[in-house]
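# Secondary and tertiary structure notes
Here is what each chain is made of, one letter per residue.
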Amino acid sequence: MSQGERQPLHPASPAEDPPVRSSRVRHAPDAYFLRCWNPRDYTFDNYRRIDDRPYGGGPGMVMLAEPLLRCLADLRGTRAREGRPPLPVIYLSPQGQHFSQSRAQRLAASPGAILLCGRYEAIDQRFLDAEVDEEISMGDFVVSGGELPAMLLLDAVVRLLPGVLNHGESAEQDSFADGAPAQRLLDCPHYTRPEVLPPGLVGDVDPAVPAVLLSGNHRDIDQWRHARALEATCAKRPDLLVDLGS
Ligand SMILES: C[S@@+](CC[C@H](N)C(=O)[O-])C[C@H]1O[C@@H](n2cnc3c(N)ncnc32)[C@H](O)[C@@H]1O
């Protein structure tokens, strides 16, 4: 995955039709370049085997280091021949640092990354020790492969690239959008038409859009949004506010 190289998205195996293509990011095919590499293409046996039993016994299979090393060498060689800069290897792993909006912002500002998606029980540790620069986790749970975590990461990063969203500012308004502690708030509530919903449709909830949003006074609207964002953060994620005093 790399930014700003003005080449189209070319999804291929193993994520033949990745979910990123059905989201907003498909509207900016020139903004980024995604190429998928399959370690099975770097095996020499008839079964195109990329895993084997673990030394020491135990359940599950372990991804072989050698097909991964050949795959990575080919990837790096191809990029070098195309005049593209070297990229860090990020392993999607439940053992990594939790992914965050600020990590997405730093990735969006970088030339890109090689995303390593695991399968089975593990990847041979020698490959990880030799080649991985960083591990990123999508949370304290385990899914069966790194592809969905990679797609999540991609969607979060690509929507921050210039030209992907209709209104660039909408990404700036998102929850967590600014990494500065005092700005790390959840998004405020949003409303759209009609101004008043038909009676009875939303039970006890006020059917009218808050009047300030219809006032046209942008200073009042900004103040109202900031206050609601603070309220939402206090109510749902007070942990985000602990840094406010520093
Ligand atoms: C079944 S998991 C292996 C989990 C491994 N045995 C462990 O406990 O650390 C297979 C692959 O899914 C991916 N994966 C699973 N959970 C993940 C998470 N929370 N975040 C990122 N990647 C994850 C990783 O690429 C991992 O190599």
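Residues numbered from 1 in each chain as written. Predicted model: local features only at pLDDT ≥ 70, side-chain atom pairs only at ≥ 80, totals over all residues. Heavy atoms only, no water.

## Re the UniProt feature "binding site: S-adenosyl-L-methionine" (unreviewed entry) in the protein chain
Using the residue numbers shown here, the UniProt feature "binding site: S-adenosyl-L-methionine" (unreviewed entry) corresponds to Gly118, Met138, Gly139, Asp140, Phe141, Val142 and Val143. Take Gly118: it is sitting in the loop between strand 6 (114-117) and strand 7 (122-123). Among the residues examined, Gly118 registers a relative accessible area of 11% and is labelled buried. Residues contacting Gly118, with those up to four places away along its chain left out, are Met63, Tyr91, Ile123, Ser144, Gly145 and Gly146. Along the chain, the position of Val143 falls in the loop between strand 8 (134-137) and helix 4 (147-158). (UniProt positions renumbered as here; feature names shortened; annotations may be inferred. Helix = DSSP H or I, 4+ residues; strand = E, 2+ residues; numbered from the N terminus. Buried < 20%, exposed > 50% of the residue type's maximum accessible area, 1.4 Å probe, protein only. Contact = heavy atoms within 4.5 Å.)

## Thoughts on the pattern of salt bridges
One pass over the structure, following the stated rule, counts 11 salt bridges. With a closest N to O distance of 2.5 Å, Asp41 and Arg48 form a salt bridge. Here Arg48 falls in the partly exposed class, since its relative accessible area comes to 37%. The partner of Arg84 in a salt bridge is Glu82, with the nearest N and O atoms 2.6 Å apart. You can call Arg84 buried: its relative accessible area is 11%. Residue Glu82 is classed as partly exposed on the basis of its relative accessible area of 38%. (Salt bridge = Lys/Arg side-chain N within 4 Å of Asp/Glu carboxyl O.)

## A look at the nonpolar core
Core analysis: the biggest nonpolar cluster contains 21 residues, and Phe99, Leu107, Leu115, Leu153, Val157 and Leu161 have the highest contact counts within it. Secondary-structure elements contributing two or more residues to this core are strand 5 (89-98), helix 2 (101-108) and helix 4. Of all the elements, helix 4 adds the most residues to this core, at seven residues. Apart from the residues lying within four places of it in its own chain, the contact partners of Phe99 are Ala104, Leu107, Ile136, Ser137, Met138, Leu153, Ala156 and Val157. Within the second largest apolar cluster, 15 residues are counted, among which are Tyr91, Ile123, Phe127 and Leu128. (Core = buried A, V, L, I, M, F, W, Y, C linked by side-chain atoms within 4.5 Å.)

## A few points about the site of the ligand
In the vicinity of the ligand, 19 residues are found, and the nearest of them are Tyr91, Leu92, Gly118, Glu121 and Phe141. One of the backbone N or O atoms of Glu121 is found 2.7 Å from a nitrogen atom in the ligand. In the environment of the ligand, a nitrogen atom lies 3.1 Å from a nitrogen or oxygen atom belonging to the backbone of Val143. Across the complex, the protein chains shield 86% of the 580 Å² of accessible surface that the ligand would expose by itself. Residue assignment for the shell around the ligand shows that the elements contributing at least two residues are strand 5 and strand 8. Here the shell around the ligand gets five residues from one element, more than from any other, and that element is strand 5. Classifying every residue of the shell around the ligand gives 10 nonpolar, eight polar and one charged. (Near = heavy atom within 4 Å. Polar contact = N/O pair within 3.5 Å; in protein donor to acceptor, adjacent residues only side chain to side chain. Areas by Shrake-Rupley, 256 points an atom, 1.4 Å probe, with all protein chains shown as cover. Nonpolar A, V, L, I, M, F, W, Y, C, P; charged D, E, K, R; others polar.)

## Brief notes about the confidence of the model for the protein chain
Where the model shows low pLDDT, its predicted coordinates should not be examined in detail. Mean pLDDT for the protein chain: 88, with 83% of residues reaching 70 or above. Overall, residues 4-17 carries pLDDT values under 50, and its contacts beyond four positions in sequence, including any with other chains, amount to 35 contacts. (pLDDT = per-residue confidence, 0-100.)

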